[in-house]
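One-letter residues, chain by chain:
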Amino acid sequence: MEVIVLAGGLGTRLKDVVSEVPKCMAPIGETDPKPFLEYLLDYLSRYSVSKVVLSVGYLRSVIMEWVFANQSKYPFLIEFAVESEPLGTGGAIRLALSQCQDDSVVVVNGDTFYNVDLNALFKQHKKFDLSSKVTMALKPMTNFDRYGAVTLESNYLVTAFGEKKPTASGLINGGVYIIDRGVLKIMNALPEKFSFEKDILEPHASTGQVFGYVHDNWFIDIGIPEDYARAQYSLPELVQMMQIASDIYPGKDTLMLDRDGVINRQIVGGYVTSWEPFEFMPGVLDAIAMLSCKFKHIFVVTNQRCVGKGILSQQGLDYIHSRMKAEIEAHGGKIDRILCCTSTDDKDPYRKPNAGMFHELCYYCPDVRPEKALMIGDSDSDIEFAQNCGVDSIKVKKYQC
C-alpha cells in the first residue's frame, strides 16, 4: 500500500512547548526521545507499505534532514510532496496523490497516532459499495469537546459531521482515511488551497460516497500541550506492548499476565477500587487480541492486597474484573481465568512471588506446562514468581507519568 502523511502543519497550539521543529518532529519520550514522525513510520512498518509520501511545508528542512539520515531503517521508499505555501489538508492530499500510483491510498495525519489495523481497514473498504470514494476510521470517544461527532448509519454510511461541542459519547474522525483516486476528479475542481474535511468529506457525506469504519484502538492527538505531555509516556508504552505482542514465542502455548502496570495503569501509592479509575495501558487491548491468536491459554495472575486490607470488597473486585474481561473480549482478546491472591501475608503460598497461583492453574488446566508458559509482569516480584514456577518471563518497562 501507499501512504500519505500530512506533515505540513504549523502547530500553532503547540508553539509554547515545541517551537524549533515542525509538529511531526516534536520529541517524544523522556529517557530516549524520538521524533513523533519516527513513531508513525515505525507503525507503518508493521504493514506492507511500499511508499510513504510526506506532505511537508513549514520547517520542512528539519523533516528532510532526518528522513535522509534514517531512510535505510525503513522497508519502504519515502518521498516528499513540498508545499511552497500552505495548501490546506485538501490541497496537500491532492499534491501528494500526484506521486502515488495505487487506486486506493492511505492518508494519516502527521500529528495523530491512531493504532488502526490498516489491513482490516483496507478489507472493509473493499466490502463497501463501489461508489465509495473515502473510508474513514472512526474512534469511539466519551466526554470530548475538541472534536465534532460523526453520524454513522447502520449501513456504514457517514451522513453528517457535527460541530465541536461538549459531547458525552460519540464517534470522532480519527484522521486515518483510505481515498480512491476518483476523489482527484472532485479535488481538481476546487481552488489550490482547500480543506479535505470541509470541502470533500462534509459535502459528500450525504451522497453515499463516504463510509466509516469504527475502530476502538488507541488514539492520541498531540496538537495541544496536555496531550503532547501525555504522549511522552503513553507512546513508548504502546510501542513496547505492541512489540511484545508481535514477537513470536516458539513452543509457548500458555501466557500469564500481571494486572496492574501491565493490563491497566497502576495507581502509585494506591489501589484501583472501582471501575471508573481503571485505565487500560496504551495498546494492551490490541496486544491481547494479537496474543490470543498465538496462545492456547491466557491467564491473569494478580496480587490484590486491597481486599485483604478491607479497602475493596471481593464483590467489588469481581465486578472490576468482569468489566475488564468484557472489554478485552470486545476487542477480540480472551482471558481464560483470573486468579487473585487477596492475602496481606507475604508468606501466603498463593501470593506472588510464591508459586501457588501457578499450581492452581495447573490443577484447573492439566495441559499447562512450565516449559510452555510465559509470564509478562512489571515488577521484580513478577519475575521472581516466574522463576519459582520454572517459567520464562518478560518484564515491561515502567515509564514516568
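The rules behind these values
Residues numbered from 1 in each chain as written. Predicted model: local features only at pLDDT ≥ 70, side-chain atom pairs only at ≥ 80, totals over all residues. Heavy atoms only, no water. Core = buried A, V, L, I, M, F, W, Y, C linked by side-chain atoms within 4.5 Å. Buried < 20%, exposed > 50% of the residue type's maximum accessible area, 1.4 Å probe, protein only. Helix = DSSP H or I, 4+ residues; strand = E, 2+ residues; numbered from the N terminus. Contact = heavy atoms within 4.5 Å. Axes fitted to C-alpha atoms, helices over the stretch in contact; angles between N-to-C directions. Parallel < 35°, antiparallel > 145°, perpendicular 65-115°, else oblique. Left-handed = near helix turned anticlockwise from the far one by under 90°. Nonpolar A, V, L, I, M, F, W, Y, C, P; charged D, E, K, R; others polar. pLDDT = per-residue confidence, 0-100. Phe/Tyr/Trp six-rings, centres within 6.5 Å; stacked < 30°, edge-to-face > 60°. Lys NZ or Arg CZ within 6 Å of the ring centre and 35° of its normal. Pairing = 2+ DSSP bridges. Arc of directions from axis to C-beta. Polar contact = N/O pair within 3.5 Å; in protein donor to acceptor, adjacent residues only side chain to side chain.

Draft legend 1. Here's a closer look at the nonpolar core. Grouped together as the largest cluster of nonpolar side chains are 86 residues, with contacts concentrated most on Val5, Leu37, Leu44, Leu54, Ile63, Phe113 and Leu118. Among the elements that line this core, the one with the most residues is helix H7 (residues 225-246), at 8 residues. If we skip the residues at most four places from it in the chain, phenylalanine 113 touches Phe36, Tyr39, Leu40, Tyr43, Trp218, Phe219, Ile220, Leu235 and Leu238. Ranked by size, the runner-up nonpolar core spans 28 residues in total, among them Leu6, Ala81, Ala92 and Ala205.

Draft legend 2. Structural detail: the packing of helix H1 (residues 36-44) against helix H2 (residues 60-70). Interaxial distance between H1 and H2 falls to 11 Å at its minimum, and their mutual angle equals 50°. With respect to their mutual orientation, H1 and H2 come out oblique. For H1 against H2, the interelement crossing comes out right-handed. Contact residues: Leu37, Glu38 and Leu41 in H1; Ile63, Trp66 and Val67 in H2. Here the contact of H1 with H2 is built from residues that sort into 5 nonpolar, no polar and 1 charged.

Draft legend 3. Inspection of the confidence of the model for the protein chain at higher detail. Averaged over the protein chain, the pLDDT score is 92; the fraction of residues at 70 or greater is 97%. When the elements of the protein chain are averaged for pLDDT, helix H5 (residues 183-187) gives the smallest value, 86, and strand E14 (residues 254-257) the largest, 98.

Draft legend 4. Highlighting the environment of glycine 90. Locating glycine 90 in the fold gives a position in helix H3 (residues 88-97). Glycine 90 gets classed as buried once you look at its relative accessible area, which sits at 0%. Along the primary structure glycine 90 and aspartate 180 are separated by 90 residues, whereas in three dimensions their C-alpha atoms are 14 Å apart. Discounting chain neighbours no more than four positions away, the residues touching glycine 90 are Met187, Phe194, Ser195 and Phe196.

Draft legend 5. Structural context of the packing of aromatic side chains. Taken as a whole, this structure holds 15 aromatic pairs when the rule is applied. The ring of tyrosine 39 has lysine 34 sitting right over it, with the charged end atom 4.5 Å from the ring centre. Across from the ring centre of tyrosine 364, 3.7 Å away, lies the NZ or CZ of arginine 337, which sits over that ring.

Draft legend 6. Broad picture of the pairing of strand E1 (residues 2-7). When you tally the buried positions in E1, you get 6 out of 6 residues, the bulk of the element. By the alternation rule, side chains of E1 split into Glu2, Ile4 and Leu6 and Val3, Val5 and Ala7, which are all buried. As defined by bridge partners, E1 adjoins strand E6 (residues 104-109) across 4 bridges and the pair is classed as parallel. The partner of isoleucine 4 across the bridge, within E6, is valine 107.

Draft legend 7. Broad picture of helix H12 (residues 380-389). Listing the buried residues of H12 in full gives Asp382, Ile383, Phe385, Ala386 and Cys389. The arc enclosing the buried residues of H12, seen along the axis, measures out at 155°, which places them on a common side. In this structure, H12 carries Asp380 and Gln387 as exposed residues pointing more than 90 degrees from its buried face. Residues of H12 that are buried in the fold lie against E14, strand E15 (297-303), helix H11 (356-364), strand E17 (373-377) and strand E18 (392-395).

Draft legend 8. Structural view of the packing of H7 against helix H8 (residues 284-292). Axis separation between H7 and H8 bottoms out at 9 Å; the angle between their running directions is 5°. Judged by the inter-axis angle, H7 sits roughly parallel to H8. Contacts between H7 and H8 involve Met241, Met242, Ile244, Ala245 and Ser246 from the former and Val284, Asp286, Ala287, Met290 and Leu291 from the latter. Here the residues of the contact of H7 with H8 sort into 8 nonpolar, 1 polar and 1 charged.

Draft legend 9. Representation of the side chain of asparagine 217 in the model. For asparagine 217, the position within the fold is in the loop between strand E12 (210-214) and strand E13 (219-221). Side-chain polar atoms of asparagine 217 contact the side chain of aspartate 286, separated by 3.3 Å.

Draft legend 10. Main features of unusual backbone geometry. That bond from lysine 352 to proline 353 is cis: its omega, 15°, falls within 30 degrees of zero. By secondary structure assignment, the location of proline 353 is in the loop between strand E16 (337-341) and H11. Even without being a glycine, leucine 59 presents a positive backbone phi close to 50°. In this fold, leucine 59 is placed in the loop between strand E4 (51-56) and H2. In this structure leucine 59 comes out as partly exposed when scored by relative accessible area, which is 31%. Non-glycine residue tyrosine 156 carries a positive phi angle of around 75°. Mapping tyrosine 156 onto the fold places it in the loop between strand E9 (148-152) and strand E10 (158-164).

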